[in-house]
Amino acid sequence: METNALAAQALQVFRALIRDTRPERTLTDMQQGEKLALVLLEEAGGRMLPGELSQAMGTSTARTAALLRSLEAKGLVTRQQDTADRRRMPACLTPLGTAELRRHMSALMQQTQAVFAALGEADSRELVRLLGRLREICSSLSTATLS
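Novice: Honestly, the sheet that holds strand 2 (residues 77-79) in this entry has me stumped. Any pointers?
Specialist: Where strands meet in a sheet, backbone hydrogen bonds hold them as pairs that are either parallel or antiparallel. Taken in spatial order, the three strands make up an open sheet running 1-3-2, and their pairing is antiparallel. The open sheet is flanked by strand 1 (47-48) and strand 2, the only strands paired with a single partner. Pairing between strand 1 and strand 3 (residues 91-93): two bridges, direction antiparallel. What sits directly across from M48, in strand 3, is A91.

Now the structure itself:
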């Protein structure tokens, strides 16, 4: 198998896919990771320390602080002093933040369903299987590199 040629072809398809499927994507739409931060907060039970969020997102603490300020200004998160340790200020998902996340996830689900309808059931199942396999491989490569 010619992995170099296949890898180059895959990267070309990924670039085209991102470019062609997101023409409306502007800097303000991307919000520099705000949706990811909301997802991670929800997965953590609606509350995370900024350092934990920074680590989970793979961003600097300065970038995470700016992100949290932006989310807080929009009313999507609050930061409250921890009652057990007053030096800690966890970020907490607000009801407005939860609603925004639900709206975003609903739109994402509709887009994904439309793609799967166009692909057909057999190709959709194969795509899900391959994405799962890709995740396994990438996870094991990440673990191996960290060792």
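Novice: Teacher, can you tell me more about the pattern of salt bridges here?
Specialist: Any two side chains of opposite charge can pair, given that their charged atoms come close. Inspection of every chain in the model, using the stated rule, returns nine salt bridges. In this structure, E72 engages R79 in a salt bridge whose closest nitrogen and oxygen atoms are separated by 3.0 Å. On the basis of relative accessibility, which here comes to 24%, the residue R79 falls in the partly exposed class. A single network of salt bridges, built from pairs that share partners, joins K35, E100 and R103.

Novice: Would you mind showing me how to read the packing of helix 3 (residues 34-43) against helix 5 (residues 61-73) here?
Specialist: Angle between the axes and distance between the axes are the two parameters that describe a pair of packed helices. The contact between helix 3 and helix 5 brings their axes to 10 Å, and the two run at 85 degrees. Judged by the angle between their axes, helix 3 and helix 5 are roughly perpendicular. Residues E34, A37 and L38 of helix 3 form the contact with helix 5, whose own contacting residues are L67, S70 and L71. In terms of residue class, the contact of helix 3 with helix 5 is built from four nonpolar, one polar and one charged.

What counts and what doesn't
- Residues numbered from 1 in each chain as written.
- Predicted model: local features only at pLDDT ≥ 70, side-chain atom pairs only at ≥ 80, totals over all residues.
- Heavy atoms only, no water.
- Pairing = 2+ DSSP bridges.
- Helix = DSSP H or I, 4+ residues; strand = E, 2+ residues; numbered from the N terminus.
- Salt bridge = Lys/Arg side-chain N within 4 Å of Asp/Glu carboxyl O.
- Buried < 20%, exposed > 50% of the residue type's maximum accessible area, 1.4 Å probe, protein only.
- Axes fitted to C-alpha atoms, helices over the stretch in contact; angles between N-to-C directions.
- Parallel < 35°, antiparallel > 145°, perpendicular 65-115°, else oblique.
- Contact = heavy atoms within 4.5 Å.
- Nonpolar A, V, L, I, M, F, W, Y, C, P; charged D, E, K, R; others polar.

Remember, this is a structural readout, not a statement about activity or role.
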